[in-house]
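# Remarks on the overall topology
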Amino acid sequence: MENIPKIKILVISHEYPPIGGGGGKVIQDLCKGIASDSYNFHVLTAHWDDLPKYEESENLIIERIRSHRTQAYRADLLAMACFVCKSFWRALQIIRKWHPDIIHAHFAVPGGASAAAVSLLTRTPYMITVHGGDVPGGAPEKTKKWFRFLLPFTRFIWKKAEKIITVSQQTRQLAHAQYPVKIDVIPNGIDTARFLHTSLEIHDPPCIMYIGRFSPEKNALLVPIILSHLGDLRWKCVMVGDGPQMTRVQSLIIENHLEDRVKLPGWIKPHEVDEALLKCDILLMPSLREGMPMAGLQGLASGLALVMSDIGACPDMINFGKNGFLLEAGDEKGYANALRILLSNPEKLLSYKKSSLEKAREFDIKKVFDAYKNVYQTILKGKI
């Protein structure tokens with residue numbers, strides 16, 4: 001049998017489970033899913049808490065470096081700056097010893113900055129996957145002040161990359177407003193086999209889930225307010241996540257007398273998220289900003305009816321009148337009415353749940369794996 005050389009990919013990302021949000025989970029799925037006898041990955045990511053600094057399995061290495069990260073759900077500007085510096089030096093060492101074929105940076109900032117600098121010195125080609133918040137305008141509540149200073153420096157990162165991928169058309173449009181470069185779209189995917197359904201029957205009482213950072217762009221503060229309109233119906237809710245608005249969310253729950261109906265488990269591990277989803281019936285996402293939300297894909301794969309904002313790639317996940325509702329971001333009464341329709345009609349809710357499970361097949365993660373493999377091969381062949 002012909003001995004086919006392995007393709008070596010150095011991945012640089014400041015987020016990788018169990019730290020970070022949906023973008024980190026995307027990276028983990030890609031690395032684990034593509035890693036094989038043909039593809040080897042070395043992931044360089046941020047350390048946090050008591051996570052192991054080094055993990056090695058067949059065809060996949062995960063190395064975590066300290067970067068002054070203090071929270072699982074977010075990295076502040078100091079943590080990002082530290083990650084750029086430390087990942088730069090460590091990446092140089094890895095390249096000299098391991099000789100990767102490609103550097104794959106996830107998030108244009110900070111991972112892309114490190115990748116661009118390392119590529120400049122070593123001539124190792126690099127590519128970037130942009131996840132949304134790392135684009136000017138993608139999460140203005142969080143990054144607007146940063147980009148006022150950083151924008152001129154980021155143009156070099158985008159210009160010199162061999163390939164740039166965004167996860168949604170909306171993110172691509174935002175990027176093109178600032179960076180006149182060729183950008184392709186590869187949407188996120190979901191491994192439906194990860195969700196083992198025993199039944200799609202509605203829980204007693206029906207369970208609503210919010211999952212994500214408790215931060216302005218996710219609009220977590222609106223969830224208790226929406227639920228306050230549904231006091232006459234039977235339901236419970238679990239809000240999974242954490243963030244700077246946690247204290248205010250807790251206050252709103254108390255102010256609206258929802259303590260017995262809304263649970264706040266905090267930031268939980270990925271497999272615990274999967275288990276929690278299967279215990280729910282409706283996914284509520286009143287976000288103000290989204291790219292290609294993994295929470296939405298997880299909701300589909302878990303067989304949840306979706307109630308989402310009409311932004312980003314959310315419309316791609318919903319067949320209106322079949323598996324969910326799309327509302328204008330911030331439409332408090334609209335979200336409440338959509339939930340009321342589902343909670344008041346068990347047959348409709350069950351039908352929506354089944355339709356979501358069917359819709360999930362359109363986002364088969366194997367298609368995403370193939371798309372990235374094609375990008376890797378194209379870079380190696382020099383046909384960009």
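To be clear, the structure that these remarks concern was listed above.
I will try to describe carefully the structure that is included in this document. (Residues numbered from 1 in each chain as written. Predicted model: local features only at pLDDT ≥ 70, side-chain atom pairs only at ≥ 80, totals over all residues. Heavy atoms only, no water.)

### Here's the deal with the packing of aromatic side chains
For clarity, the threshold we go by: Any two rings among Phe, Tyr and Trp, with Trp reduced to its six-membered ring, count as a pair given centres within 6.5 Å; such a pair is stacked if its planes are under 30 degrees apart, edge-to-face if over 60, and tilted if neither. Secondary structure follows DSSP: runs of H or I at least 4 residues long count as helices, runs of E at least 2 residues long count as strands, and numbering of each begins at the N terminus. Here's how the labels work: a residue is buried when its accessible area is under 20% of the maximum for its type, exposed when over 50%, partly exposed in between, all with a 1.4 Å probe on protein chains only.
Throughout the structure, instances matching the rule amount to seven aromatic pairs. Ring centres 4.1 Å apart and planes at 10° place the aromatic pair tryptophan 158 and tyrosine 179 in the stacked group. Linking tryptophan 158 in helix α4 (residues 140–160) with tyrosine 179 in the loop between α5 (169–176) and β8 (184–185), this pair joins segments that are 21 residues apart in sequence. We note that tryptophan 158, like tyrosine 179, is buried. Ring geometry for phenylalanine 320 versus phenylalanine 325: centroids 6.0 Å apart, planes at 90°, classification edge-to-face. Of the residues examined, phenylalanine 325 reaches a relative accessible area of 10% and is grouped as buried.

### Observations concerning the sheet that holds strand β12 (residues 282–285)
Formally: If DSSP finds at least two bridges between two strands, the strands pair. Between N-to-C directions, angles span 0 to 180 degrees; the directions come from axes that are lines fitted to C-alpha atoms, helices contributing only their stretch in contact.
Read across the sheet, six strands follow the order β11-β10-β9-β12-β13-β14 without closing on themselves; strand pairing throughout is parallel. In this open sheet, the two strands that pair with only one neighbour each are β11 (262–266) and β14 (324–327). If you compare each strand with its neighbour and ignore which way they point, the axes differ by 20° on average. In terms of strand pairing, strand β9 (residues 207–211) meets β12 through two bridges, oriented parallel. In the strand pairing of β12, isoleucine 208 is matched with isoleucine 282.

### Here's the deal with the pairing of β12
As a general feature of sheets, a regular strand has side chains that alternate between the two faces. Worth spelling out the cut-off: For crossovers, right-handed means that the path from the first strand over the helix to the second runs clockwise, given strands pointing away from the viewer.
Side chains Ile282 and Leu284 project from β12 onto one buried face, and the interleaved Leu283 and Met285 project onto a second face that is buried too. Relative to strand β13 (residues 305–309), β12 runs parallel, the two being bridged by four bridges. Of the residues in β13, the one forming a bridge with methionine 285 is methionine 308. Following the chain from β12 across helix α9 (residues 294–301) to the adjacent parallel β13, one finds a crossover that is right-handed.

### Quick word on the nonpolar core
How we decide: We define a nonpolar core as any set of buried Ala, Val, Leu, Ile, Met, Phe, Trp, Tyr and Cys residues linked to one another through side-chain atoms lying within 4.5 Å. By definition, residues are in contact when any of their heavy atoms lie within 4.5 Å.
Of all hydrophobic cores here, the largest spans 58 residues; its most connected members are Phe41, Met209, Tyr372 and Tyr376. Sort the elements by how many residues they give to this core and helix α12 (residues 365–381) lands first, with seven residues. In this structure, phenylalanine 41 is in contact with Ile9, Val11, Cys31, Ile34, Ala35, Asn59, Leu60, Ile61, Trp98 and Tyr376, ignoring residues within four places of it in sequence. Formed by 35 residues, the second largest nonpolar core is a distinct cluster that contains Ile65, Ala72, Val130 and Phe147.

Any functional reading would require information that these geometric values do not contain.
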